[in-house]
Each structure stands twice: as structure tokens, then as C-alpha cells.
Amino acid sequence: MLALPGMLLAMAACGSPSGSSDTESPSGEAGGTETATATTPAELAGAAEGWNVLLLSVDTLRADRLNAYGYGERTTSPALDELFAGGVRFQQASAPRSITWPSLASVLTGLYPSGHGVFENGYELPEDLPTLPLRLDAAGYQTAAFLSNMCRAGHRGWDALRCSQGRDGRTLQWALEWSDTLDREQPFFLWVHYFGAHSPYYNGGDLAARELDPDYQGDLIPKKWRLDRVMEEKEELDAADRRHLDAIYDAAVIGSDGLSGRLLAGLRERGLLERTLVVFLSDHGEDLYQHNGYLYHACSVYQSSLHVPLGFVAPGLIPADSAVSQPVELTDVAPTILDLLGLPPIEEAHGLSLRPYLERPQRGGAGKPAYTEYGDTRIHTVLSGDWKLVVNPDKLTPFCFGGGPADLYPIEALELYNLAEDPFEQENLSTQHPARVAELQTLIRQRFAGLAQRTERQDIPEELKEELRSLGYVAN
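Residues numbered from 1 in each chain as written. Predicted model: local features only at pLDDT ≥ 70, side-chain atom pairs only at ≥ 80, totals over all residues. Heavy atoms only, no water.

Asker: Describe the overall build of the protein chain, listing the residues and the values that go with them.
Answerer: Helix and strand content of the protein chain: 14 helices and 12 strands. Considering only contacts within the protein chain whose residues lie at least 6 apart along the sequence, 74% involve residues at least 24 apart. (Helix = DSSP H or I, 4+ residues; strand = E, 2+ residues; numbered from the N terminus. Contact = heavy atoms within 4.5 Å.)

As C-alpha cells, this is what we get:
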């Protein structure tokens, strides 16, 4: 196996937030003038030493369907909105790829999928790979992971690890039961991952038909066979169908928000959130018919599936009710947690600590670009400021739906979008702005040039394939 990659570029080349001074922004431009409050320390390096850590992740949760991120169609996320109000919310966080296992492995390692080797669902984390749970376990933390997905990924560093195969209520129960066994003299690291708003959106129950869109006369329902048929037959959904699809998804978001609130309330009742760093995120979003008539996420290279919520909350340490507008990446999560705890970094990590943003959320500048990969292909995306580039030099058409049409999800060789004017990426501007395309292509080449990679293909056992099928992964 190849050696793990070191830092790719110098801090200045990346526009690193951790390379910024008090008078400069992450990109080296003049920053804001805000100062720490009386209850918020100016410097957060090691400020959470000895604190607990709660990592709460929700599968398939689009950032733009949370009220804290501006969603106004209906109330979907009161519990998460309350959580975000207690800390710093990152407005433009990007997943490294729009599927669960690669994305969450990047959260645990600070590496892009090509660096940690989990570039498909069903792949295991390599045994010699440094991870966040291993770091915290070595530092004396009580560690536990209760997961509804990504069950058999070769997890290490956990004192307790249980997986419910999509049963979020059971995942919640296990997490709270484990919290009752804690030694209160020793810090804990708890990771809870819900299946969340993943298709077929059963966390919403019948809420869409009963309350959110009761007048709908069509036949869309939150059942996998029915949702699959939309793509298998390339169905044309009319405005009423699309409205109901949104209601079905929103119902699942509402259900997942409720489960998140129950976990937070249970830990709060037990007095376990007072000195706890809470990190909330999603692994990816969902296309929901916005591109190529596709409902799911695995094939997507668009913000509908790559833009994720990300927030950090630490009472008395991190400023409350704050937002950061610059692009960041899920690879930044592990470096940030270790930085705040004052623990040694994962030196090979591609991500960078977001601590300067947590210290002064309104600091200026463009920040660093955010990148994605696409399995072992040469498809990449980069988001820099308002501009997004998709590159597909081999003109591959991904196979993303078993039994469906082979040409379901075409991706052009070059796709350029101005997200400020076209947030849903409907107008490809690549031929109109060749200089911008060249600039963003250069960023991608520089970012990934010379990266040591772990791209060995792994054989997925039949038993695990069956588990993945039971979660709907044949179709998405």
C-alpha cells in the first residue's frame, strides 16, 4: 500500500484559514475587526482540552432544506436550528463525494477518498490509517459509535461499536444507554450516525400525504419501488409531482430533526453537554429530480448532493449564532477537532483546521477552494468563490442505477456554473468563460498533483452486498 500523503500545498497556496494572522483573512485579504466576547476566548487552540466530543451526522441531509440555511417553504429543522444557534454554522461546506462511506471516511481521517482508500460504499478503512477515533482513544477518551449506515467499514479505535442497519430509533436508544455507563471522570467521544433523510425517506412516515401536501392526487409515495420507477422509465414529473416529492423528502428531514433533538435532549438531561464539543454534519445531500431526472445522490456532481450542513458548538468557547460564508470541506473536520482539543494532528491530513473561523467567524477573504473526487475516475469538481467547475476529461457516463438506463446521468467534459446567479447549476457557462475554466482546472491539477493514493479495488463480500442492497444501494 502506498504511503499516506503529506500536505499537498503550502498554506498560502491553499488560502488556509489556519495560516491567517489576526489582521488577515484566510485568503490573505483584510479581515473583519470583530473581537472575542468576555465569555469567548480569542484563541481556541487547545481551549477544549479534556472536553467531550459528540459527532452527530445525518445521512442524505441537504443543507438548503434546513431553516437555519434559509429554507422557507415549511418548518423542517427546529431542533437543529437551535443547535446551530449555539455555535458557528458553515454556509458552504462540501462533501468530498456524494456517497456515504467515502464521505464519512474523510470526516474520520481528514483525507480525500483517494487518500484513505474508501472510494466506494462497502470498502474498508486500511488498517494502517490514522483516524480521529484512534487519536482520541490513545488520548484516554471513552469512545463509541452507534451507526445506522457504514456498518462494516473496518472501524478501529472504538470501545463500543454497534450498527442498526437503517433503524434510527435503535441507534438513538443504544447511544443513550451507552451514555448512562460513562465514567464521568473521563472524557468521551460519541459518534451517532442516522440513516436520516435517505431514500425511500421512511423517517417521514406518512407526514407528506397527511399534512405537508394532503391535496396531492398523483401516485408518488415514499416507497423504493415507486421512486426507482421514476428513473427506470425516465418519467416526466409535473409540478404537482415535484412538489409532492419535495414534501416526501421534507417529511424525512423533519423526522431526522426530531431524532437529532431527542439525542441532544437526552444527553442534556444527563448533564453531558456542558463541556462537550458538538459537531453536526451530513455526508451528502440528494438531487431530487434537479439534474437528469435523478432522485438520489451517488451519481451527482452538483451542489444538490455535495453541499452539506456543518456546525460546531462549544458552550463558552465558540461564538454563538455565527455563520461562515467561505467554502470549507468535510476533510477539515478531524483537523479542527484535534486542534480544539489540543491533541496532535493527523500530519498526513489534507484538511485544515477551521479554528480561525471559529475564533472570528466574520473574517473576510475568499477562503480556500473546495474539491471533490469521483471514485477512481478523473472526474473532479472545484468550488472557488461563486464559481464551480466540473471536469470529466474522459467523458464518462456514470452507471448509477441498477436496471435503469445506462445514459441516465450524462456529465459534460467541462461544466462551469456561477452559483451566485445560478444556484441550481442549470446553465453551463464553460464555453463563455474559457479563462475562468482554465483557472479552475489549474486549481484541480495543483491540489491533486503528486498525491499518494490508495485506490486499490476491494472485493466486497456477498453478505455485505446484501446489507447494502437492504439499504437501497443497488439503485443509488
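Asker: Give a description of the pattern of salt bridges that names residues and reports values.
Answerer: Opposite charge on two side chains lets them pair, provided their charged atoms get close. Taken as a whole, this structure holds 25 salt bridges when the rule is applied. Because the salt bridges share partners, they merge into one network encompassing Glu 43, Asp 339, Arg 355, Glu 359 and Arg 360. (Salt bridge = Lys/Arg side-chain N within 4 Å of Asp/Glu carboxyl O.)

Asker: So, the sheet that holds strand E11 (residues 387–391): which residues are in play, and what are the values?
Answerer: Read across the open sheet, the four strands follow the order E9-E10-E11-E12; overall the sheet is antiparallel. With partners counted over all chains shown, the strands left at the sheet margins are strand E9 (370–372) and strand E12 (414–418), one partner each. Strand-to-strand twist across the sheet, computed as the mean angle between neighbouring axes with direction ignored, equals 10°. The pairing of strand E10 (residues 380–384) with E11 spans five bridges and is classified as antiparallel. Each bridged residue has a counterpart across the sheet, and for His 380 the counterpart in E11 is Val 391. (Pairing = 2+ DSSP bridges. Axes fitted to C-alpha atoms, helices over the stretch in contact; angles between N-to-C directions.)

Asker: Talk me through the side chain of Asn 203; I want residue IDs and the actual numbers.
Answerer: Tracing the chain through its elements places Asn 203 in the loop between strand E5 (188–194) and helix H7 (207–212). Reaching out from Asn 203, the side chain makes a polar contact with the backbone oxygen of Gly 196 at a distance of 3.0 Å. Side chain to side chain, Asn 203 and Ser 256 meet in a polar contact 3.3 Å long. Among all residues touching Asn 203, those that are not within four sequence positions of it are Asp 168, Gly 196, Ala 251, Ala 252, Gly 255, Ser 256 and Leu 259. (Polar contact = N/O pair within 3.5 Å; in protein donor to acceptor, adjacent residues only side chain to side chain.)

Asker: Which residues make up the sheet that holds strand E7 (residues 307–313), and what values do they have?
Answerer: The eight strands are arranged E4-E3-E5-E1-E6-E7-E2-E8 in an open sheet whose pairing can be described as mixed. The strands lining the two open edges of the sheet, one partner per strand, are strand E4 (160–163) and strand E8 (322–329). Neighbour to neighbour, the strand axes of the sheet diverge by 15° on average, direction disregarded. Note: strand E2 (residues 88–94) against E7, five bridges, orientation antiparallel. Its bridge partner lying in E7, Val 88 is registered against Phe 312.

Asker: Describe the packing of helix H2 (residues 78–85) against helix H9 (residues 239–269), naming the residues involved and giving the relevant values.
Answerer: The contact between H2 and H9 brings their axes to 7 Å, and the two run at 55°. Comparing the axis directions of H2 and H9 gives the class oblique. Residues Pro 78, Ala 79, Leu 80 and Leu 83 of H2 pack against Asp 257, Ser 260, Gly 261 and Leu 264 of H9. Its residues assigned to classes, the contact of H2 with H9 shows five nonpolar, two polar and one charged. (Parallel < 35°, antiparallel > 145°, perpendicular 65-115°, else oblique. Nonpolar A, V, L, I, M, F, W, Y, C, P; charged D, E, K, R; others polar.)

Asker: How would you explain unusual backbone geometry if you had to name every residue and give the values?
Answerer: In this model, Ser 199 is joined to Pro 200 through a cis peptide bond whose omega is 5°. Among the secondary structure elements, Pro 200 is positioned in the loop between E5 and H7. Positioned with a positive phi, Gln 165 is a non-glycine residue whose angle comes to about 55°. Mapped onto the elements, Gln 165 comes out in the loop between E4 and helix H6 (168–179). Of note in this structure, Tyr 201 is not a glycine but carries a positive phi near 65°. Checked against the element boundaries, Tyr 201 lands in the loop between E5 and H7.

Any functional reading would require information beyond the geometric quantities listed.
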